[in-house]
Amino acid sequence: MAAPRAGRQPQNDGYRSLSLSGHVGFDSLPDQLVNKSIKQGFCFNILCIGETGTGKSTLIDSLFNTSFDDPVSTHFQPNVRLRAQTYELQESNVRLKLTVVNTVGFGDQINKEDSYQPIVDYIDAQFEAYLQEELKIKRSLFSYHDTRIHACLYFISPTGHSLKTLDLLTMKSLDSKVNIIPIISKADSISKTELQMFKNKLMSELVSNDVQIYQFPTDDETVSQVNTIMNGHLPFAVVGSTEEVKIGNKMVKARQYPWGIVQVENENHCDFVKLREMLICTNMEDLREQTHARHYELYRRCRLEEMGFRDIGPENKPVSLQEAYEAKRHEFYLELQRKEEEMRQHFVQRVKEKETILKEAEQQIQTKFDHLMLMHQEEKLKLEKKKRALEDDMAMFNKKKANAELLQTQAFVSTPVVSLKRDKDRKNSGFM
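Residues numbered from 1 in each chain as written. Predicted model: local features only at pLDDT ≥ 70, side-chain atom pairs only at ≥ 80, totals over all residues. Heavy atoms only, no water.

**Notes on the packing of aromatic side chains**
Right, on to step 1. One pass over the structure, following the stated rule, counts eight aromatic pairs.
Right, on to step 2. Taking 6.4 Å as the distance between ring centres and 90° as the angle between the ring planes, the aromatic pair formed by phenylalanine 106 and tyrosine 154 counts as edge-to-face. With a gap of 48 residues between them, phenylalanine 106 in the loop between strand S5 (94-104) and helix H3 (113-134) and tyrosine 154 in strand S6 (residues 151-156) connect regions that are remote in the sequence. Both residues of the pair, phenylalanine 106 and tyrosine 154, count as buried.
Right, on to step 3. With 4.9 Å between their ring centres and 5° between their planes, tyrosine 257 and tryptophan 259 make a pair best called stacked. (Phe/Tyr/Trp six-rings, centres within 6.5 Å; stacked < 30°, edge-to-face > 60°. Helix = DSSP H or I, 4+ residues; strand = E, 2+ residues; numbered from the N terminus. Buried < 20%, exposed > 50% of the residue type's maximum accessible area, 1.4 Å probe, protein only.)

See below:
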């Protein structure tokens, strides 16, 4: 066998590594990618879940060092309402399209499912919108506004005891759909000892209930050490504030109490800086990648399987998308024919039933008609009989009337003759 050329080393995976004798220029690819990303801008979507009054809006304002002017929420909501607001932020020459989704009225419902089900539906709706954009023939993903949730900040009330049932149910229903980062809000309301015990209790409950929260990645050597340390601090105990207090010669964000001052950005007071570093500075891109590669892919796979698409056929052979589409189309056509035949048979059966009902109704109407005709004939005969009797009575009456008139006429004629005879007789008797 001929020896391999100098500079070409065979690899176990079938590829060979080559050395270059001069500069080519593809080492500028990272710079090209950076320039393209900066020109296009970035998007990041945060979902804040927590009961009203847990400090969600204040923390978001503190994280991004601005005021988002989130309107005051009311407790009188029949259902949880998700309010999404998008903002354009710029730092140096990097533009960020930030969407903050707040859960208005979370935890105010008697039925716990009414609290978390609208959140699940909202996350699925964003996945579905992205999937429909992907399935279009003419796609525009480059300019598409991605509204998929990249990070879920779950605010836990600092009770110092344990998680509420609502918290467990909500996180359990969301852990396969979104990157959950649990947060103990208003951590300055309990002591450090109680806080550490509360953290341990929460993590134990999450593990025992098999709730999968977001773990900062440790596979990248540049952030492996710091992310490993930060994973041990979960859940973060934070304090948010937009008020500034003068301490020494500088103004710092803090909460001032009669007994002292709690500095938001002091790591001895709370984990706010840890949260900001992990969420924004170190792992924002990983949160975006996890959303696409893990949660969205799971949703996409389930939806395509619901549509009937498979990567493997009945004989465990790879199936292309075209083959799966044709098979599904043929299956749908057969199902359509079957349903059409069922509808035709059902229509014929309904027509026969209707004909039977109409025939029965026609028979009933005919019977009723015959009965009415018989009654009509009987009534007609009765009337004719009465008519003949009446005509006989009228004829008898007319006959009697004629006789009476005749007698009256005869009587009138005979009366003058008799009187003349009497007068004549009276005269004769006088002369005598």
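Further notes follow.
**Let's talk about a nonpolar patch on the surface**
Right, on to step 1. A grouping of Leu20, Val24, Phe26 and Leu29 is seen on the molecular surface, where their side chains present a nonpolar patch of about 430 Å² in accessible area.
Right, on to step 2. Here valine 24 lies in the loop between strand S2 (16-18) and helix H1 (29-40).
Right, on to step 3. A residue is classified by how much of its surface remains accessible, and valine 24, at 57% relative accessible area, is exposed. (Patch = residues over 30% accessible without salt bridge, like charges linked within 9 Å, V, L, I, M, F, W, Y side chains within 5 Å. Areas by Shrake-Rupley, 256 points an atom, 1.4 Å probe, with all protein chains shown as cover. Salt bridge = Lys/Arg side-chain N within 4 Å of Asp/Glu carboxyl O.)

**Section: the environment of tyrosine 154**
Right, on to step 1. Given the relative accessible area of 1%, tyrosine 154 is considered buried.
Right, on to step 2. Taking the C-alpha atoms as reference points, tyrosine 154 and isoleucine 183, 29 residues apart in sequence, are found 5.8 Å from one another.
Right, on to step 3. Discounting chain neighbours no more than four positions away, the residues touching tyrosine 154 are Ile49, Phe106, Leu166, Asp167, Thr170, Met171, Ile180, Ile181, Pro182 and Ile183.
Right, on to step 4. In terms of polar contacts, tyrosine 154 uses its side chain to reach the side chain of aspartate 167, at 2.6 Å. (Contact = heavy atoms within 4.5 Å. Polar contact = N/O pair within 3.5 Å; in protein donor to acceptor, adjacent residues only side chain to side chain.)

**Remarks on the packing of H3 against helix H4 (residues 165-174)**
Right, on to step 1. At a closest axis distance of 10 Å, the pairing of H3 and H4 adopts a crossing angle of 20°. Here H3 is positioned roughly parallel relative to H4, judged by the angle of their axes. Note on packing geometry: the crossing formed by H3 with H4 is right-handed. Judged by residue contacts, Ser115, Tyr116, Ile119, Val120 and Ile123 of H3 engage Leu166, Leu169, Thr170, Ser173 and Leu174 from H4.
Right, on to step 2. Split into classes, the residues belonging to the contact of H3 with H4 amount to seven nonpolar, three polar and no charged. (Axes fitted to C-alpha atoms, helices over the stretch in contact; angles between N-to-C directions. Parallel < 35°, antiparallel > 145°, perpendicular 65-115°, else oblique. Left-handed = near helix turned anticlockwise from the far one by under 90°. Nonpolar A, V, L, I, M, F, W, Y, C, P; charged D, E, K, R; others polar.)

**Description of the pairing of strand S11 (residues 260-263)**
Along a regular strand, successive side chains alternate from one face of the sheet to the other.
Right, on to step 1. Judged from the four bridges that link them, strand S10 (residues 250-257) and S11 form a sheet pairing that is antiparallel. Its bridge partner being in S11, alanine 254 is matched across the sheet by glutamine 263.
Right, on to step 2. Where S10 hands over to S11, the hairpin turn is made up of two residues, counted between the paired strands. (Pairing = 2+ DSSP bridges.)

**Some remarks on the state of the cysteines**
Right, on to step 1. In total, this model carries zero disulfides according to the counting rule given.
Right, on to step 2. No disulfide involves cysteine 48; its sulfur sits 8.1 Å from that of cysteine 152, the nearest cysteine. (Disulfide = S-S within 2.5 Å.)

**Details of the sheet that holds S11**
Right, on to step 1. What the three strands build is an open sheet, ordered S9-S10-S11; its pairing is antiparallel. Lying at the two open borders of the sheet, with one neighbouring strand each, are strand S9 (244-247) and S11. Across the sheet, the axes of successive neighbouring strands diverge by a mean angle of 65°, strand direction being ignored.

**Comments concerning the nonpolar core**
Right, on to step 1. In this structure, Leu153, Leu275 and Leu279 are the most contacted members of the largest nonpolar core, which totals 71 residues.
Right, on to step 2. The contact partners of leucine 153, leaving out residues within four places of it in the chain, are Ile46, Leu47, Cys48, Ile49, Ile60, Leu63, Ile181, Ile183, Leu275 and Leu279. (Core = buried A, V, L, I, M, F, W, Y, C linked by side-chain atoms within 4.5 Å.)

**Let's talk about helix H6 (residues 224-231)**
Right, on to step 1. When we look at burial in H6, the residues that qualify are Ser224, Asn227, Met230 and Asn231. For H6, the buried positions fall inside an angular range of 130° around the axis, keeping them on one side.
Right, on to step 2. Of the surrounding elements, those touching the buried residues of H6 are strand S8 (236-237) and helix H7 (272-282). (Arc of directions from axis to C-beta.)

**Some words on the sheet that holds strand S3 (residues 42-49)**
Right, on to step 1. Pairing in this open sheet of six strands is mixed, and the strands run S4-S5-S3-S6-S7-S8 from one edge to the other. At either end of the open sheet lies a strand with only one pairing partner, and these are strand S4 (81-91) and S8.
Right, on to step 2. Contacts between H4 and the sheet are confined to S3, S6 and strand S7 (180-184), with S6 contributing the most and set at about 170° to the helix.
Right, on to step 3. Here helix H5 (residues 192-208) sits on the sheet in contact with S6, S7 and S8, set at roughly 150° to S7.

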